[in-house]
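# Secondary and tertiary structure notes
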Amino acid sequence: LKSKLPILAKPHIGSGGKNIRLFKNHNNLKKFVEKNKEKYLFEEYFVGTNHGVFNLIKDKKIIFNFFDTEQRYKNPFTVSSTINYCNIPEIYKKKILKEISFLIKELNLKDGIFHIQIKYNKIKKKFLILEPFRRIPGDKYLKFVRLSTGYPVEENILRLFLNEKQIENKIKDQPNFILRKILMAPKNGKFKFLKINRTLSKKIVDKNIFIRKNEIVKDFYNQRLGIIFFKFRNKTEMIKISKNIDNYIKIKLN
């Protein structure tokens, strides 16, 4: 906590970026620590792009990996959309996988999932592992992986737990260009309707809306209203749309 950099305070219990706080003023941080030092973890804030690295491991070796790029909406600490393109140079992807392999061996992890969230700073050419965990990522992430790569990820996870032989489906040489959008409201209120740009709506390949008309959004900062998958013709189109995705999708509230 002696660092001059901004500090993140993360609760010991929670998920989805809930109750994470960023302190740029160290006097405010000191007051917060005095009251909450047994309930929070503290770390220096690392500036960079956000990415997920999904891995399947067998016999302490990575047998499948998948890199993504995450985006944020109102809550800077929770994922609101993801694309299956990652601009981290291959040399650093190899370094990241090497670090993950080291963790797998050091922790003596059994066969199964090992999902990592990282930040990458392209100017400093450094990366930071934020959170490693063994649970299945939420918000239909496995479908996102399967739609992107063609890899039968769900079935192979079950086969790992059942100690059965993996399905050796070849990953697509040319991946599908998939954007996973997690719908989140801009504020609290009564949900009225969802409006998607006409051109973008033609690119929907899967849609699941959780909220109903007139239902109340009570926690817009964290509440998921639905998940939509879009498929694009090429990487350029996907990246262009992803940068302004919240201008193409409008959630109307009363």
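Refer to the structure presented above.
These lines cover the structure that appears in this document, whether it is placed above or below.

About the thresholds
Residues numbered from 1 in each chain as written. Predicted model: local features only at pLDDT ≥ 70, side-chain atom pairs only at ≥ 80, totals over all residues. Heavy atoms only, no water. Helix = DSSP H or I, 4+ residues; strand = E, 2+ residues; numbered from the N terminus. Buried < 20%, exposed > 50% of the residue type's maximum accessible area, 1.4 Å probe, protein only. Pairing = 2+ DSSP bridges. Arc of directions from axis to C-beta. Contact = heavy atoms within 4.5 Å. Salt bridge = Lys/Arg side-chain N within 4 Å of Asp/Glu carboxyl O. Phe/Tyr/Trp six-rings, centres within 6.5 Å; stacked < 30°, edge-to-face > 60°. Lys NZ or Arg CZ within 6 Å of the ring centre and 35° of its normal.

## Description of unusual backbone geometry
Backbone geometry at Lys60 places phi at a positive 65 degrees, although glycine is not the residue there. Its place among the elements puts Lys60 in the loop between strand S4 (49-58) and strand S5 (61-67). Look at Lys60 and you get partly exposed, because its relative accessible area is 33%. One non-glycine residue, Lys125, lies in the positive phi region at around 55 degrees. Within the secondary structure, Lys125 sits in the loop between strand S8 (112-121) and strand S9 (126-133).

## Some remarks on the pairing of strand S14 (residues 226-232)
S14 sits mainly inside the fold: 6 of its 7 residues count as buried. Bridge analysis of strand S10 (residues 177-183) against S14 gives 7 bridges, and the strand direction is antiparallel. Among the inter-strand pairings, Ile182 is bridged to a residue of S14, identified as Ile227. Sheet topology note: the strand S12 (residues 204-209)/S14 ladder contains 5 bridges and is antiparallel. Of the residues in S14, the one forming a bridge with Asn208 is Ile227.

## Considering helix H4 (residues 153-161)
Residues Val153, Asn156, Ile157 and Leu160 constitute the buried set of H4. The buried residues of H4 all sit within an arc of 105 degrees when viewed along its axis, so they share a single face. As for H4, its buried residues are in contact with S4, S5, S8 and helix H3 (141-149). Looking one or two places after H4, you find Asn163, whose phi comes out positive at around 60 degrees.

## A short note on the pattern of salt bridges
Per the stated rule, a full pass over the model turns up 14 salt bridges. Between Glu43 and Lys10 there is a salt bridge; the shortest N-O distance is 3.2 Å. Of the two residues, Glu43 is situated in strand S3 (residues 40-44) and Lys10 in strand S1 (residues 7-11); the sequence distance between them amounts to 33 residues. The partly exposed category is assigned to Glu43, whose relative accessible area is 25%. We classify Lys10 as buried; its relative accessible area is 12%. Linking Glu90 and Lys93 is a salt bridge whose minimum nitrogen-to-oxygen distance equals 3.5 Å. With a gap of 3 residues between them, Glu90 and Lys93 both fall in helix H2 (residues 90-106), about one helical turn apart. A network of salt bridges, in which partner residues are shared, links Lys10, Glu43 and Glu131.

## Here's the deal with the packing of aromatic side chains
One pass over the structure, following the stated rule, counts 10 aromatic pairs. The interplanar angle of 80 degrees and the centroid separation of 6.3 Å between the aromatic rings of Phe66 and Tyr141 together place this pair among those described as edge-to-face. Here the residue Phe66 occupies a position in strand S5, and Tyr141 occupies one in helix H3, the gap between them amounting to 75 residues. According to the relative accessible area criterion, Phe66 is buried, its value standing at 6%. Members of the aromatic cluster, each reached through a chain of ring pairs, are Phe23, Phe32, Tyr40 and Phe42. In this structure, Lys74 packs its charged tip against the face of Tyr73, placed 5.5 Å from the ring centre. Here Lys93 stacks its cationic end above the ring of Phe67, 5.2 Å away from the centre of that ring.

## Re the environment of Ile204
Note on placement: Ile204 falls in strand S12. Ile204 sits in the partly exposed class, given a relative accessible area of 25%. For the pair Ile204 and Ile178, spaced 26 residues apart in sequence, the C-alpha separation works out to 9.7 Å. Every residue in contact with Ile204, bar those within four places of it in the chain, is listed here: Ile196, Ile228, Phe229 and Phe230.

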